[in-house]
Amino acid sequence: MHLLKTKWIENQWFVSLYFFLVNLPLILLTLDTSNFSDDFQYTNFMGLKSKFSDLGPLVLQVTGGHEEGGHFAPVYNLFNIVVSAVSLHPGFFHLVVILCYVLTAYVIFRIAQLYYRDNWLGILAGTLFLINYYVSFRSLTWNCFHSHATNTLTGTISLYYLLQYFENKKTWALGVSTLCLALTIFNYESGFVFLPVLGTVSLYYLVQKKISWRKFIGLVLLAGLIAALFSLGARFSMGKSMPLSYRFQSSSEKWSRNIQNYALQANELLFKSIGMSFPYNKLVFNNLKSDSELKEKMIRLLRKNDKTVLKEIPLATILVFVVLAVMTLVGAVFLWVLIYTRIRPETRLFLIIFVFLYVITIFVFYRSDVANAIAVFSSLILADFVLSLLRDPRPHWVKLGQGILIVYTIVTLGTILDRFDDCYRTSYTGLQKVALLGPQRIYDQINQKMGRFANEGFILFIHDYKAFERTTDERRIGLLLNTTDFISYNATVFAEDFLKTDWVERFRYKSFLEFSKGLDIDPRYQKIIVSSRDAALTSLKEKNVDLKKIEAFYISPDYRVERLNELVLH
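The following refers to the structure shown. Please read all numbers here as calculations on a predicted model, not as lab measurements.

Right, let's talk about the pattern of salt bridges for a bit. Per the counting criterion, the structure on display carries 14 salt bridges. The partner of D118 in a salt bridge is R391, with the nearest N and O atoms 2.8 Å apart. Taken together, the positions of D118 in the loop between α6 (90-116) and α7 (119-130) and R391 in the loop between α18 (372-390) and α19 (395-417) put the pair 273 residues apart, joining distant regions of the chain. Taking the relative accessible area as the measure of exposure, R391 reaches 39% and is therefore partly exposed. We note a salt bridge from R344 to D384, for which the minimum N-O separation is 2.9 Å. Placement of the pair is R344 in the loop between α16 (315-342) and α17 (348-363) and D384 in helix α18, with a sequence separation of 40 residues. Residue classification places R344 among the partly exposed positions, given a relative accessible area of 21%. Taking the relative accessible area as the measure of exposure, D384 reaches 2% and is therefore buried. Connected through shared salt-bridge partners, D118, R344, D384 and R391 make up one network.

See below:
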């Protein structure tokens, strides 16, 4: 154990470089990330509107696409605009998000330094956080979903400076903590989880008699003020103080709130939170996804709460899920008891926070893909647990600690060798990396052939890809093609052309949602379902489309792009 006594990890630059190198495979293997879905609107198109609208009102506008699912997220909007102003390349945006992810690991290291006075615990905790890609998979691979990664960074910084305030009595640290808490909450609503996190930490220090009641009440009032300012801003911008209140109404849920969903997400989040998603997905979820008939039945059971489907699911499959649930429960209890008896007393604070966040994620947010913050605390808990084993004088405990590190190394290598492909998938939806990359690459081909902003009109002829929805994942790319995404992208690629059109004056003083919606409902931009290229040409002839002005493109079943203007006019 001589290695644990070395002092080179006290060099902050070395630690930063180490964390960067840990995630270098993720950076290198996912820099081909493309724009996907809302990325076209909330990164590129929002950046374009900032070129001709006042920045202040634009930042304060509602984002989220529709009234019920809208978000008051000024920090999120500002982040998108600033990054887009530097570069519109989605790979650059992706790199910035990953660097935020790496920086979070560094802040975890600093928390361990401050709270435990233990550099090795910080190194291990930061590493465990970084290799737990599955907790953060959407925010790492879908650019416009970054908020859950970026607000975890600012929330973790807020926690660090609150600890600075408690441990070293530095008043200025409280100001930094408060500012970072505000940035976290005003980024996206998932940032609100840091209110109970910081509240629990403050209560812990109060119970330990390290702060007075007066300071504790002051901290509560300060946090309450930030929450109140958010509610006032949301009320002013969108007419509602709680933008996410609709999620508590079962009728408006995409997935109805039912016992099987709670059980599934609780099970999945447990494995995600401790960094064991890779073997879990390989052994359970991927097998389920590969059986299209079983997958469809499971979707009916989960989303539609159709319990009659239980009669259609093979008994053997039901038994597998029952056994898995029992094993998970037994394993969780065993792991809890083992960890609780091995960790140092100070870590029990983070154990309480972990349980609190786990419950919030499952029962409040009702999803397992906004759980970035939970990995901060699970990594600290697991790091303390493993180090307690490695530092134990009894050989069998040391071997157990070494075994755990070997397992994590194998799991991480498996993810890297898999080229992070599984991190790009979402349970039961079938989307894969190829689908996430597909739409922009098709739009790039269209833009290259067109060479201008399609101000006078655009028609996209595609096939009915729903027939392929239950076959290969690649076929699903066709389901993601739409004119709103394309025209948003087309306008930003040819921004100079766009800024000379009447769009600028029409929408200079209107909201971003009105601006984006304008494209969506503009009759000049159409998507038409056809059975063949000949059917597309017939449609153009019947509609008497002026192909000298209006651009028309046909996408073949295997996604070859043809510009019909060239075919007809020549």
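Hydrogen bonds along the backbone pair up the strands of a sheet, which may run parallel or antiparallel. A sheet is described by the order of its strands in space; here four strands give the open sequence β4-β3-β5-β6, paired in mixed fashion. Two strands bound the open sheet, and with one partner strand each, they are β4 (525-529) and β6 (561-563). Sheet twist, expressed as the mean angle between neighbouring strand axes with direction ignored, is 20°. Bridge count for strand β5 (residues 551-555) against β6 is three bridges, and the pairing is antiparallel. From the neighbouring strand, F553 faces β6, where its bridge partner is R563.

One can find S53 in the loop between α3 (39-49) and α4 (55-59). At a separation of 2.7 Å, a polar atom in the side chain of S53 contacts the side chain of K49. Not counting the four nearest positions on each side in its chain, S53 is found in contact with F507 and R508.

Formed by 164 residues in total, the largest nonpolar core has its most connected members in F19, V201, F350, F377, I446, F458 and I555. The element that contributes the greatest number of residues to this core is α6, accounting for 16 residues. Look past the residues within four positions of I555 in its chain and what remains in contact with it is I442, I446, L460, F461, I462, H463, Y465, L481, R560 and V561. Formed by eleven residues, the second largest nonpolar core is a distinct cluster that contains F461, A536, Y554 and L564.

Conventions used here
Residues numbered from 1 in each chain as written. Predicted model: local features only at pLDDT ≥ 70, side-chain atom pairs only at ≥ 80, totals over all residues. Heavy atoms only, no water. Salt bridge = Lys/Arg side-chain N within 4 Å of Asp/Glu carboxyl O. Helix = DSSP H or I, 4+ residues; strand = E, 2+ residues; numbered from the N terminus. Buried < 20%, exposed > 50% of the residue type's maximum accessible area, 1.4 Å probe, protein only. Pairing = 2+ DSSP bridges. Axes fitted to C-alpha atoms, helices over the stretch in contact; angles between N-to-C directions. Polar contact = N/O pair within 3.5 Å; in protein donor to acceptor, adjacent residues only side chain to side chain. Contact = heavy atoms within 4.5 Å. Core = buried A, V, L, I, M, F, W, Y, C linked by side-chain atoms within 4.5 Å.

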